[in-house]
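Each chain is listed here by its residues.
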Amino acid sequence: MIKFLLMVNKQGQTRLSKYYEAVDLGKRAALEADVVRGCLARRKEECSFVEYKDYKLVYRQYAALFIVVGVTENENELSIYELVHNFVEVLDKYFSRVSELDIMFNLDKVHIILDEMILNGHIVETNKNRILAPLLALDKMTES
């Protein structure tokens, strides 16, 4: 089960955070700081899977952004690794070459995409067209 997803830049600033279990706000800041520090300190040659407390962390770097997913011990790391790649491909398809600024200024749309893919910590959809359909319908409604 997916416990959280973070999107951070190389400076360690969180651009997106989504939690699928209740975590106190005070503990979130400490958790994010530890997780980000641990992932950013790793070299490119090192594995993208890290054990951290009760979680397994799966992270992937795209340009200046890191996407970090915290999962339970029994979750398949490679499926989460591919989920992260699929998430970025969906963002690329919608934003035409997604950038950090797209994430910052369209956070609501990014959350809609993420909500279409993951529900209560479980992967529910991976088809790019189905994921984008509600968002494209919303865009069509706002245009008219």
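In this text, all values refer to a predicted model and were calculated from it rather than measured experimentally.

## Some words on the overall build of the chain
- Counting its regular elements, the chain contains five helices and seven strands.
- Along the chain direction, N to C, the helices and strands of the chain fall in the order β-β-α-β-β-β-α-α-α-β-β-α.
- Computed over its C-alpha atoms, the radius of gyration of the chain comes to 15 Å, within 12% of the 15 Å expected for a compact globule of 144 residues.
- Projected onto its principal axes, the C-alpha positions of the chain cover 50 × 30 × 30 Å.
- Counting all 144 residues of the chain, 42% fall into the buried class.
- Pairs at least 24 apart in sequence give 50% of the contacts found in the chain among residues at least 6 apart.

## A word on the side chain of Lys 18
- In this fold, Lys 18 is placed in strand β2 (residues 14-19).
- Polar contacts involving the side chain of Lys 18 include one to the side chain of Asp 115, which spans 2.9 Å.
- In this structure, Lys 18 is in contact with Lys 3, Phe 4, Leu 5, His 111, Leu 114 and Asp 115, ignoring residues within four places of it in sequence.

## Thoughts on the nonpolar core
- Residues Ile 2, Met 7, Ile 67, Val 69, Phe 87, Leu 91 and Ile 113 are the most contacted members of the largest nonpolar core, which totals 28 residues.
- Among the elements of the structure, β1 (2-9), β5 (65-71), α2 (77-95), α4 (107-117) and α5 (128-143) are those that each provide at least two residues to this core.
- With nine residues, α2 is the largest single contributor of residues to this core.
- Sequence-distant contacts of Val 69, that is, excluding residues within four places in its chain, are made with Ile 2, Phe 4, Leu 5, Lys 56, Leu 57, Val 58, Ile 80 and Val 84.
- With 16 residues, the next largest nonpolar core counts Val 8, Leu 31, Val 36 and Val 68 among its residues.

The rules behind each value
Residues numbered from 1 in each chain as written. Predicted model: local features only at pLDDT ≥ 70, side-chain atom pairs only at ≥ 80, totals over all residues. Heavy atoms only, no water. Helix = DSSP H or I, 4+ residues; strand = E, 2+ residues; numbered from the N terminus. Rg over C-alpha atoms; globule rule 2.2 N^0.38 Å. Buried < 20%, exposed > 50% of the residue type's maximum accessible area, 1.4 Å probe, protein only. Contact = heavy atoms within 4.5 Å. Polar contact = N/O pair within 3.5 Å; in protein donor to acceptor, adjacent residues only side chain to side chain. Core = buried A, V, L, I, M, F, W, Y, C linked by side-chain atoms within 4.5 Å.

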